[in-house]
Amino acid sequence: MTHPAYGVARQVTPFASVLLEDNPGPLTLDGTNTWLLRAPDSTHTAVVDPGELDIPHLERVLAAAGPIEAVLITHHHEDHVGGAKWLADKANAPVRAFDQALCHGEGPLRDGDTLTLAGLDLEVLHTPGHSSDSVCFAIDHNGQSAVLTGDTILGRGTTVIAPPDGQLGAYLDALRTLAGRAPNTAVLPGHGPELPDLVGVAREYLAHREQRLDQIRAALAHIGPDATPRQIVEIVYADVDKSLWGPAEWSVQAQLAYLRGR
Ligand SMILES: [Zn+2]
């Protein structure tokens, strides 16, 4: 079975399977990936990103997961966290996130924490940029490495950086952190298909952002330093479908803020 597979838990690594929510859209791609983490010999599951408050999806998560030890959140956006409280209440499990306001039953996640859940050690990496509270979860188990990247790295396309919560400078730092992980680390993203090579993808994302920054510098030189985000989008994103020009405008705002030093 390959991505996208709706309605079933699809095994991706020996310790991770994905249940794809049926909520496709321009920003969610094929939908939200709800990850079920469990060591092969564990009776319990850790659920990462339950998705929206979408009861049929959450019922499937409950059925596929069995006993849930914790519900983890990569960031506060509704397509990841909307169903967390409902699921945690049904499963009698805590909700944990970087943002204290999203937590129930246990405290917030911090950069460098190691969580022992479902027979696995999960390393918390604070990777702000897509949002200030974005985290990734790194797992090394029996010689296999994977990082759950939330929306920091997607299975295809690029992620949206929407200021003021999204910050390009922080995002570039996060990408450099991910580019420094071990080779042959799988990417288990918040949307889109899994990818085999985190380091390669992080480097591609960095190169893409640098290329966009160069294009924006060129557009500013052409239009003038007071160019609006919209004027820049029309030039730099001319090759991108117009339905994405709204999110592209947020990205341009983020890049202008970065280039203008604020
Ligand atoms: Zn998302």
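Provided above is the structure to which this section pertains.
Here is what the cut-offs are and how they apply
- Residues numbered from 1 in each chain as written.
- Predicted model: local features only at pLDDT ≥ 70, side-chain atom pairs only at ≥ 80, totals over all residues.
- Heavy atoms only, no water.
- Salt bridge = Lys/Arg side-chain N within 4 Å of Asp/Glu carboxyl O.
- Helix = DSSP H or I, 4+ residues; strand = E, 2+ residues; numbered from the N terminus.
- Buried < 20%, exposed > 50% of the residue type's maximum accessible area, 1.4 Å probe, protein only.
- Pairing = 2+ DSSP bridges.
- Contact = heavy atoms within 4.5 Å.
- Axes fitted to C-alpha atoms, helices over the stretch in contact; angles between N-to-C directions.
- Phe/Tyr/Trp six-rings, centres within 6.5 Å; stacked < 30°, edge-to-face > 60°.
- Lys NZ or Arg CZ within 6 Å of the ring centre and 35° of its normal.

A. Region of the structure containing the pattern of salt bridges. With the rule as written, the count across this model stands at nine salt bridges. Residue Glu 123 pairs with Arg 181 through a salt bridge whose shortest N-O separation is 3.2 Å. Taken as a pair, Glu 123 in strand E8 (residues 120–126) and Arg 181 in the loop between helix H4 (168–179) and strand E11 (185–189) lie far apart in primary sequence, 58 residues in all. Glu 123 sits in the partly exposed class, given a relative accessible area of 28%. Look at Arg 181 and you get partly exposed, because its relative accessible area is 21%. The partner of Arg 230 in a salt bridge is Glu 234, and the shortest N-O contact between them spans 3.3 Å.

B. Structural context of the sheet that holds strand E2 (residues 16–20). Within the open sheet, the six strands sit side by side as E1-E2-E3-E4-E5-E6. Their pairing is mixed. Two strands lie at the open edges of the sheet, namely strand E1 (10–13) and strand E6 (95–96), each paired on one side alone. Where strand E4 (residues 45–48) and strand E5 (residues 68–72) come together, four bridges link them in parallel fashion. When the bridges of E5 are listed, Val 47 appears paired with Val 71. Sitting on the sheet, helix H3 (residues 84–91) is in contact with E4, E5 and E6, with an inclination near 170° to E5.

C. Summary view of the packing of aromatic side chains. Counting across every chain of the model gives zero aromatic pairs. Across from the ring centre of Phe 98, 4.8 Å away, lies the NZ or CZ of Arg 110, which sits over that ring. The ring of Tyr 237 has Arg 212 lying over it, and the distance from NZ or CZ to the ring centre is 4.2 Å.

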